[in-house]
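Summary of the model geometry
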Amino acid sequence: MRIKRKLKFGEKDNFGILTPDAISGLKDSIFGTIFLVILFVPAISLVVGAIVIMNIMLVSVTERTREIGIRKSLGARQTDILKQFLSEAAMLSSIGGIIGLVMAKLIGLIVTVYLLPTVIPWYAAVIAISVCAMVGVVAGLYPAWQAARLDPIEALRAD
């Protein structure tokens, strides 16, 4: 390259050589950072969503204390109350996941029209909604546990 460019001895190179290893290292450093961002942003969103779901379920337990007392006085077991509130939390977060999936699909259609083709595989949609449901169950454990532990007499007095 130095002969081809007619560079004299001791002159600085006016060219650069990129080896496949250098290109691979550059690609790994760029995509490594992108991968971390892609991993942490949804994780933070899931934690925030779980906190919101837990707060919503705690308010629901507080507002429905009398209903829980009536159900328990009529023979509902702690597991029945627990299952009810856990299924409500899972349903709440699953609906949020479905709304997010529909929005992602719509944005994907717009990106497909103007930039590049995008596809959301069916298994990714199933995994996403399953993760949302699991986050809802985990976030709803404490409120459901509190609802199941309510004393029926105290719950009927509450208002």
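Once a new chain begins, its residue numbering starts again from 1 and follows that chain's sequence as written. A pLDDT threshold of at least 70 governs which residues receive local features in this predicted model, and a stricter bar of 80 or more applies before side-chain atom pairs are shown or counted, although totals over entire chains, interfaces and linings include all residues. Side-chain metrics rest on all non-hydrogen atoms present in the structure, leaving aside hydrogens and water.

The subject of this paragraph is the overall build of the protein. The numbering of helices and of strands both runs from the N terminus, where a helix is a DSSP run of H or I of at least 4 residues and a strand a run of E of at least 2. Along the protein, the regular secondary structure elements total five helices and zero strands. When its helices and strands are written in sequence order, the protein yields α-α-α-α-α. Within these notes, the globule rule equals 2.2 Å times the number of residues to the 0.38 power, and the radius of gyration is based on C-alpha atoms. Taking 159 residues into account, the globule formula puts the C-alpha radius of gyration at 15 Å, and the protein, at 28 Å, lies well above it. A principal-axis box enclosing the C-alpha atoms of the protein has dimensions of 95 × 35 × 25 Å. Per-residue burial over the protein gives 20% buried out of 159 residues. Three exposure classes are used, based on accessible area relative to the maximum for each residue type with a 1.4 Å probe and protein chains only: buried under 20%, partly exposed in between, and exposed over 50%.

Its location among the elements puts Gly 32 in helix 1 (residues 20–63). In sequence terms Gly 32 and Val 52 are 20 residues apart; their C-alpha atoms lie 31 Å from each other.

On to the side chain of Ser 94. Position of Ser 94 relative to the elements: it lies in helix 3 (residues 78–114). Should any heavy atoms of two residues lie within 4.5 Å, those residues are considered in contact. Every residue in contact with Ser 94, bar those within four places of it in the chain, is listed here: Ile 129, Cys 132 and Ala 133.

Comment: axis = line fitted to C-alpha atoms, over the contacting stretch for helices; angle = value between 0 and 180 degrees taken between N-to-C directions. Packing of helix 3 against helix 4 (residues 122–149) leaves a shortest axis separation of 6 Å and a crossing angle of 145 degrees. Considering only the axes of helix 3 and helix 4, their crossing is right-handed. Split by residue class, the contact of helix 3 with helix 4 holds 18 nonpolar, six polar and one charged. Two helices that cross are described as forming a left-handed crossing if the nearer one is turned anticlockwise from the farther one by less than a right angle, and a right-handed crossing if clockwise. Amino acids are sorted into nonpolar (Ala, Val, Leu, Ile, Met, Phe, Trp, Tyr, Cys and Pro), charged (Asp, Glu, Lys and Arg) and polar (every other residue, Gly among them).

Here, expected helix span is obtained from the residue count minus one, scaled by 1.5 Å. End to end, helix 1 covers 64 Å across 44 residues, agreeing with the expected 64 Å (1.5 Å per residue, within 8%). The inward-facing, buried residues of helix 1 abut helix 2 (65–73), helix 3 and helix 4.

Moving on: the environment of Ala 50. The residue Ala 50 is located in helix 1 in this model. Among the residues examined, Ala 50 registers a relative accessible area of 18% and is labelled buried. Sequence-wise, Ala 50 and Cys 132 are 82 residues apart; in three dimensions their C-alpha atoms are separated by 9.2 Å. Setting aside chain neighbours within four positions, we find Ala 50 in contact with Val 135 and Ala 139.

Moving on: a nonpolar patch on the surface. Among the surface-exposed residues, Phe 35, Leu 36, Leu 39, Phe 40, Ile 44, Val 48, Val 52, Ile 56 and Leu 92 lie close enough to one another that they form a single nonpolar patch of about 840 Å² accessible area. The leading source of residues in the nonpolar patch is helix 1, at eight residues. Within the fold, Leu 36 resides in helix 1. By relative accessible area, which is 44% here, Leu 36 ends up partly exposed. Patches here are clusters of residues that have more than 30% relative accessible area and form no salt bridge, with a 9 Å joining cutoff for like charges and a 5 Å cutoff for nonpolar side chains (Val, Leu, Ile, Met, Phe, Trp, Tyr). For the accessible areas, the method is Shrake-Rupley and the probe is 1.4 Å, while residue cover comes only from the protein chains on display. Here, a salt bridge means any Lys or Arg side-chain nitrogen found within 4 Å of an Asp or Glu carboxyl oxygen.

A word on the nonpolar core. In terms of nonpolar packing, the biggest core is built from 15 residues, with Ile 53, Met 57, Val 61, Ile 68, Ile 81, Phe 85 and Ala 147 touching the most fellow members. Those elements that provide at least two residues to this core are helix 1, helix 3 and helix 4. In contact with Ile 68, other than residues within four places in its own chain, are Val 61, Ile 81, Phe 85, Ala 147 and Leu 150. The nonpolar core is taken to be a set of buried Ala, Val, Leu, Ile, Met, Phe, Trp, Tyr and Cys residues, with the residues joined through side-chain atoms within 4.5 Å.

So, about the side chain of Ser 93. Within the secondary structure layout, Ser 93 lies in helix 3. Of the residues examined, Ser 93 reaches a relative accessible area of 7% and is grouped as buried. Whenever two N or O atoms come within 3.5 Å, that pair is a polar contact, provided that in protein one can donate a hydrogen and the other can accept it, and provided that, for residues adjacent in sequence, both atoms are side-chain atoms. Polar contacts involving the side chain of Ser 93 include one to the main-chain carbonyl oxygen of Ala 90, which spans 3.1 Å. A distance of 2.7 Å separates a polar side-chain atom of Ser 93 from the backbone oxygen of Cys 132.

Right, let's get into the packing of helix 2 against helix 3. For the pair helix 2 and helix 3, the least separation of the axes is 10 Å and the interaxial angle reads 140 degrees. If you check the angle between helix 2 and helix 3, you find them oblique. Along this stretch, helix 2 crosses helix 3, giving a crossing that reads as right-handed. Two secondary-structure elements touch here, helix 2 through Glu 67, Ile 68, Arg 71 and Lys 72 and helix 3 through Gln 78, Asp 80, Ile 81, Gln 84 and Phe 85. The residue inventory of the contact of helix 2 with helix 3, partitioned by class, reads three nonpolar, two polar and four charged. Roughly parallel means an angle under 35 degrees; roughly antiparallel means over 145; roughly perpendicular covers 65 to 115; every other angle is labelled oblique.

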